[in-house]
Amino acid sequence: MSNNVWEVFGSELSRHREVAGLTRQELGRRVLCSGSYIGLLEAASRRPALDLAIRFDRELRSGNRFARICQALTDRPAEPDHFLPIADLQRRAATISEYAPTLVPPLLQTEPYARALIRAAQADRSAQEIEELVQSRVARGRLLEGPTPPTVWVILDESVLMRPIGSRAVTAAQLRCLVELAERRRLVLQVLTYESGHPPMEGPLTLLTFPDRPAMARVESAFGGHLIDRPENVARLRGSYDYVRAAASSPRDSLELLRAAAARFDEPS
């Protein structure tokens, strides 16, 4: 779905709030959320929940305008709901730091690799729906090819280099794509090896910094992703990430590990 509807929601929220003479913090207290969260909604960086939109309508005396716009947002998105906010935030980020314990992060997935994952995870969807999801995910990677891409730092657990996804050929091509991106300085890549002795983090982690707003984090679970914006919690996750980065192999050694893994997958099984 286009971000235009998000932007309409954000601009209308800002306009109605200002007409009501309320600061973001004041409105937040009335609708039971933080002022910083309202700022993210007004900047079209977060997707509003319907119950919150209804509270906006009540407090701002806007009829059912915000509920109606929010309903349009939930009308068949191009990606699963928990991917939409992070995809938008990554486009706005100055730096993106990823930790991947089991799979190549969505931002860096090749089309065949993404297709294999989505087919396995979305087995109940039609072939057309799966293909839409694949193309939507692959489009995220074009962010790295823009004229002013964000600074991207990726730490892969060694298990990512060991598990074939789709096929051995698909995995080999995915690993070579990562090497090529690193060689073109589109990202910095490290591998946390088994021999490092450092335990893996509990799950995938994305850290984001922005030129015009506070840093954010996203943690993954079996039920989707959770965005974190409390500064103390983001700082704690940054500290954990930095410890893993210190324990991981150097970028130069990590590329050698990826090349060797790709070569193994190229060999007949």
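Parameters at a glance
- Residues numbered from 1 in each chain as written.
- Predicted model: local features only at pLDDT ≥ 70, side-chain atom pairs only at ≥ 80, totals over all residues.
- Heavy atoms only, no water.
- Helix = DSSP H or I, 4+ residues; strand = E, 2+ residues; numbered from the N terminus.
- Rg over C-alpha atoms; globule rule 2.2 N^0.38 Å.
- Buried < 20%, exposed > 50% of the residue type's maximum accessible area, 1.4 Å probe, protein only.
- Areas by Shrake-Rupley, 256 points an atom, 1.4 Å probe, with all protein chains shown as cover.
- Salt bridge = Lys/Arg side-chain N within 4 Å of Asp/Glu carboxyl O.
- Axes fitted to C-alpha atoms, helices over the stretch in contact; angles between N-to-C directions.
- Parallel < 35°, antiparallel > 145°, perpendicular 65-115°, else oblique.
- Left-handed = near helix turned anticlockwise from the far one by under 90°.
- Contact = heavy atoms within 4.5 Å.
- Nonpolar A, V, L, I, M, F, W, Y, C, P; charged D, E, K, R; others polar.
- Core = buried A, V, L, I, M, F, W, Y, C linked by side-chain atoms within 4.5 Å.
- Expected span 1.5 Å × (residues − 1).
- Pairing = 2+ DSSP bridges.
- pLDDT = per-residue confidence, 0-100.
- Lys, Arg positive; Asp, Glu negative; His and termini not counted.
- Polar contact = N/O pair within 3.5 Å; in protein donor to acceptor, adjacent residues only side chain to side chain.

Overview of the overall build of the protein
The helix and strand tally for the protein stands at 11 helices and 6 strands. Its C-alpha atoms give the protein a radius of gyration of 20 Å, near enough to 18 Å, the size a compact globule of 269 residues would have. Its C-alpha atoms give the protein principal-axis dimensions of roughly 65 × 40 × 35 Å. Counting over 269 residues, the protein shows a buried share of 47%. Total accessible area on the protein is roughly 13,600 Å²; 53% of this is exposed by carbon and sulfur atoms.

So, the pattern of salt bridges
Scanning all chains against the criterion turns up 17 salt bridges. Among the salt bridges present, the one from Glu12 reaches Arg65, with a minimum N-O distance of 2.7 Å. Taken together, the residues Glu12 in helix α1 (residues 4-19) and Arg65 in helix α5 (residues 65-73) connect sequence positions 53 residues apart. A relative accessible area of 12% places Glu12 in the buried class. As a salt-bridge pair, Arg115 and Glu131 come within 2.8 Å of each other at their nearest N and O atoms. One end of the pair, Arg115, is in helix α7 (residues 111-121); the other, Glu131, is in helix α8 (residues 127-140), and 16 residues separate them in sequence.

Side note on the packing of helix α2 (residues 24-31) against helix α4 (residues 50-60)
Closest axis-to-axis distance for the α2/α4 pair is 10 Å, and the angle between their directions is 110°. Between α2 and α4, the angle falls in the class roughly perpendicular. Crossing of α2 against α4: the hand is right-handed. Residues Leu27, Arg30 and Val31 of α2 pack against Leu52, Arg55, Phe56, Glu59 and Leu60 of α4. Looking at the contact of α2 with α4, its residues break down into 5 nonpolar, no polar and 3 charged.

Describing the nonpolar core
Leu108, Leu156 and Leu178 are the most contacted members of the largest nonpolar core, which has 38 residues in total. Those elements that place two or more of their residues in this core are α6 (84-92), β1 (95-100), α7, β2 (151-157), α9 (168-183), β3 (188-192) and α11 (251-266). No other element matches the 7 residues that α9 contributes to this core. Beyond its immediate chain neighbours, meaning those up to four positions away, Leu108 contacts Leu144, Val154, Gln174, Leu178, Leu181 and Leu187. Counting residues in each nonpolar core, the second largest holds 15 residues, with Phe9, Val31, Leu41 and Leu52 among its members.

As for unusual backbone geometry
Positioned with a positive phi, Leu32 is a non-glycine residue whose angle comes to about 70°. With respect to the helices, strands and loops of the structure, Leu32 is situated in the loop between α2 and α3 (35-42). A relative accessible area of 69% places Leu32 in the exposed class.

Re α9
In this model α9 runs 23 Å from its N-terminal to its C-terminal C-alpha over 16 residues, within 8% of the 22 Å that 1.5 Å per residue would give. For α9, the full list of buried residues reads Val170, Thr171, Ala172, Gln174, Leu175, Leu178, Val179, Leu181 and Ala182. On its buried side, α9 packs onto α7, β2, β3 and α11. In the stretch just after α9, Arg185 is the one whose phi turns positive, near 60°.

Thoughts on the pairing of β1
The buried fraction of β1 is high, at 5 of 6 residues. In this structure, β1 lies alongside β2, joined through 6 bridges in parallel fashion. When the bridges of β2 are listed, Glu98 appears paired with Val154. Here β1 pairs with strand β4 (residues 205-209) via 5 bridges, running antiparallel. Residue pairing in the sheet places Ile96 in a bridge with Leu208 of β4.

Things to note about the confidence of the model for the protein
Averaged over all residues, the pLDDT of the protein equals 87, while 91% of them reach at least 70. Within the protein, no element has a lower average pLDDT than α6, which sits at 74, and none a higher one than β3, at 98. Scored below 50 in pLDDT, residues 76-84 makes 26 contacts in the model with residues more than four places away or belonging to other chains.

With respect to the side chain of Glu158
The topology assignment puts Glu158 in the loop between β2 and α9. Here Glu158 is buried and forms no salt bridge, its nearest opposite-charge partner Arg264 lying at an N-O distance of 6.1 Å. Polar side-chain contacts of Glu158 include one of 2.7 Å to the backbone nitrogen of Tyr194. Residue contacts for Glu158: discarding those within four places in its chain leaves Val191, Leu192, Thr193 and Tyr194.

Things to note about the environment of Arg61
The residue Arg61 is located in the loop between α4 and α5 in this model. In this structure, the C-alpha to C-alpha distance between Arg61 and Gly197, residues 136 residues apart in sequence, is 58 Å.

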